[in-house]
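# Commentary on secondary and tertiary structure
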Number of protein chains: 2
Amino acid sequence: MATLRVLGVDPGLTRCGVGVVDVAADRSAVLVHVGVVRTASDAPIEQRLVDVARGLREVMEVHAPDVVAVERVFAQQNRNTVMGTAQASGIALMLAGERGLPTATHTPTEVKAAITGYGAADKRQVQTMVARVLRLRELPQPADAADALALALCHAWRAPAARSETSGVLTPAQRAWREAERRMRV
Amino acid sequence: MATLRVLGVDPGLTRCGVGVVDVAADRSAVLVHVGVVRTASDAPIEQRLVDVARGLREVMEVHAPDVVAVERVFAQQNRNTVMGTAQASGIALMLAGERGLPTATHTPTEVKAAITGYGAADKRQVQTMVARVLRLRELPQPADAADALALALCHAWRAPAARSETSGVLTPAQRAWREAERRMRV
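Residues numbered from 1 in each chain as written. Chains lettered and ligands numbered in written order. Predicted model: local features only at pLDDT ≥ 70, side-chain atom pairs only at ≥ 80, totals over all residues. Heavy atoms only, no water.

Chain A is annotated in an unreviewed UniProt entry as Crossover junction endodeoxyribonuclease RuvC of Microbacterium sediminicola. You can read under Subunit (unreviewed entry) in the UniProt record for chain A the words "Homodimer which binds Holliday junction (HJ) DNA. The HJ becomes 2-fold symmetrical on binding to RuvC with unstacked arms; it has a different conformation from HJ DNA in complex with RuvA. In the full resolvosome a probable DNA-RuvA(4)-RuvB(12)-RuvC(2) complex forms which resolves the HJ." (UniProt positions renumbered as here; feature names shortened; annotations may be inferred.)

## Let's talk about the overall build of chain A
Each helix and strand counted, chain A has six helices and five strands in total. The N-to-C order of helical and strand elements in chain A reads β-β-β-α-β-α-β-α-α-α-α. Counting across all 186 residues of chain A, residues that qualify as buried make up 52%. Long-range contacts, defined here as pairs at least 24 residues apart, represent 59% of the contacts in chain A between residues at least 6 apart. A total of about 8,400 Å² of accessible surface is found on chain A, and carbon and sulfur atoms cover 49% of it. (Helix = DSSP H or I, 4+ residues; strand = E, 2+ residues; numbered from the N terminus. Buried < 20%, exposed > 50% of the residue type's maximum accessible area, 1.4 Å probe, protein only. Contact = heavy atoms within 4.5 Å. Areas by Shrake-Rupley, 256 points an atom, 1.4 Å probe, with all protein chains shown as cover.)

## Structural notes on the pattern of salt bridges
All names here are of chain B. Under the defined criterion, the tally for this structure stands at 14 salt bridges over all chains. Taking the shortest distance from any N to any O, the salt bridge between Arg54 and Asp51 comes out at 3.2 Å. Residue Arg54 and its partner Asp51 are located together in helix H1 (residues 45–63), separated by three residues, close to a single helical turn. For Arg54, a relative accessible area of 49% corresponds to the partly exposed category. (Salt bridge = Lys/Arg side-chain N within 4 Å of Asp/Glu carboxyl O.)

## What to know about the UniProt feature "binding site: Mg(2+) 2" (unreviewed entry) in chain A
Residues and elements named next belong to chain A. UniProt's entry tags Glu71 with the feature "binding site: Mg(2+) 2" (unreviewed entry), counted in the numbering of this structure. Turning to its location among the elements, Glu71 is positioned in strand E4 (residues 67–71). Judged by its relative accessible area of 17%, Glu71 is buried.

## Considerations on the UniProt feature "active site" (unreviewed entry) in chain A
Residue and element names in this part refer to chain A. The sites that carry the UniProt feature "active site" (unreviewed entry) are, in the present numbering, Asp10, Glu71 and Asp144. What stands out for the annotated residues spanning 135 residues is how close their C-alpha atoms remain, the widest pair being 10.9 Å apart. Following the sequence through the fold, Asp10 ends up in strand E1 (residues 3–10). With near-sequence residues (within four places) excluded, Glu71 lies in contact with Val9, Asp10, Pro11, His106, Pro108 and Leu151.

## Considerations on the relation of the copies chain B and chain A
What relates the two chain copies is a rotation about an axis together with a slide along it. Once chain B has been moved 0.0 Å along the axis and rotated by 180°, it coincides with chain A to within an RMSD of 0.0 Å. As the rotation angle and translation indicate, the two copies are arranged about a two-fold axis. Residues of chain B ranked by C-alpha distance from the rotation axis are headed by Gln87 of chain B, positioned 2.2 Å from it. A high fraction, 96%, of the interface residues of chain B reappear at the interface in chain A, so the copies pair face to face through one surface. (Least-squares fit on C-alpha atoms with pLDDT ≥ 70 in both.)

## Regarding the environment of Arg48 of chain A
Residues and elements named next belong to chain A. Secondary-structure assignment places Arg48 in helix H1 (residues 45–63). What makes Arg48 buried here is its relative accessible area of 9%. Residues within four places of Arg48 in sequence aside, it is in contact with Leu13, Thr14, Thr39, Ala40, Ser41 and Ala43. Within the structure, the side chain of Arg48 is placed 2.9 Å from the side chain of Thr39, a separation counted as a polar contact. (Polar contact = N/O pair within 3.5 Å; in protein donor to acceptor, adjacent residues only side chain to side chain.)

## Here's the deal with the interface of chain B and chain A
Contacts between the two partners involve 26 residues from chain B, matched on the other side by 26 residues from chain A. Of the roughly 2,100 Å² buried at the junction of chain B and chain A (both faces included), carbon and sulfur atoms supply 68%. Put simply, the parts of the chain that give the side of chain B that touches chain A at least two residues each are H1 and helix H2 (79–98) of chain B. It is H2 of chain B that provides the largest number of residues to the side of chain B that touches chain A, a total of twelve residues. Of the residues assigned to the side of chain B that touches chain A, the class counts are 16 nonpolar, six polar and four charged. (Buried area = accessible area lost by both parts, 1.4 Å probe. Nonpolar A, V, L, I, M, F, W, Y, C, P; charged D, E, K, R; others polar.)

Right under this line is the structure:
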């Protein structure tokens, strides 16, 4: 059965969560990789961003995802860290683009709703569902890693429903799924 | 006379201003390069960020700056574009880091104050001073390009004053200037 390999990225400068899952058309999913790219908070910003890029590049090279899903960052969020988060997300998207991989962004609410059916679910509920779906014996740790897996699952699960032909305009997620499907058929 | 070559980047997704100047110890400055990296607003975000990276990389390769100064982005700014601006700034900083170049960020107010002596100066005043300093016959256009040149000049001019030994802690600009100087001495 054809599967879609999704890399989920929970962007951050101090900790950047990465999760890779293979998702089948019947929505069943298998864990491929989970981890956190960390950078030293006392290093210069340009070095921290280089370290984030290196970590993400390595995951993309080793695990060769079909699509990259990145959590959408809002300016309204925590002001102290939002710029670093946005910078890390830009690097994740750019690295995907350099590899010709489609990307999509999803909001935390979309992720929670896709995973638990409830957009205001707490972190524990999300982690519990991620562990159940991936048949993990323990909850994925740390939270950034769990969020990255949830994002990857969210992306794969949301995309097929979005393929309906009722709307002429495709969301980034729809485009990403289509392009990944197209590639798999080749 | 030893000069410091500064690349100024006014980050943006639609238009990313780049300006390169050579600044001597007596503060006199020469224009090396000015331009704008543009991306198509209807292209996918990952492609736009790849295009920004390609344009910035080319400027760094061709003009080999000693230091890269990037305008500091605030979460409070225009919400529609601030995330793209932050993403572009992250890419500029990361590309500098990959080349081992020191970086610094300056706020628009710092730039205006350094160039015109007045932190609330309007764009036209800044452009006029930039043109005068660089002995250009016309005002640098478009505004993003002028801002990038102003940023580069600001960086070079602020750094030497900051070299006073009265403060034990170096700002990023101070560190950048010292490192560039150290490299020039080698």
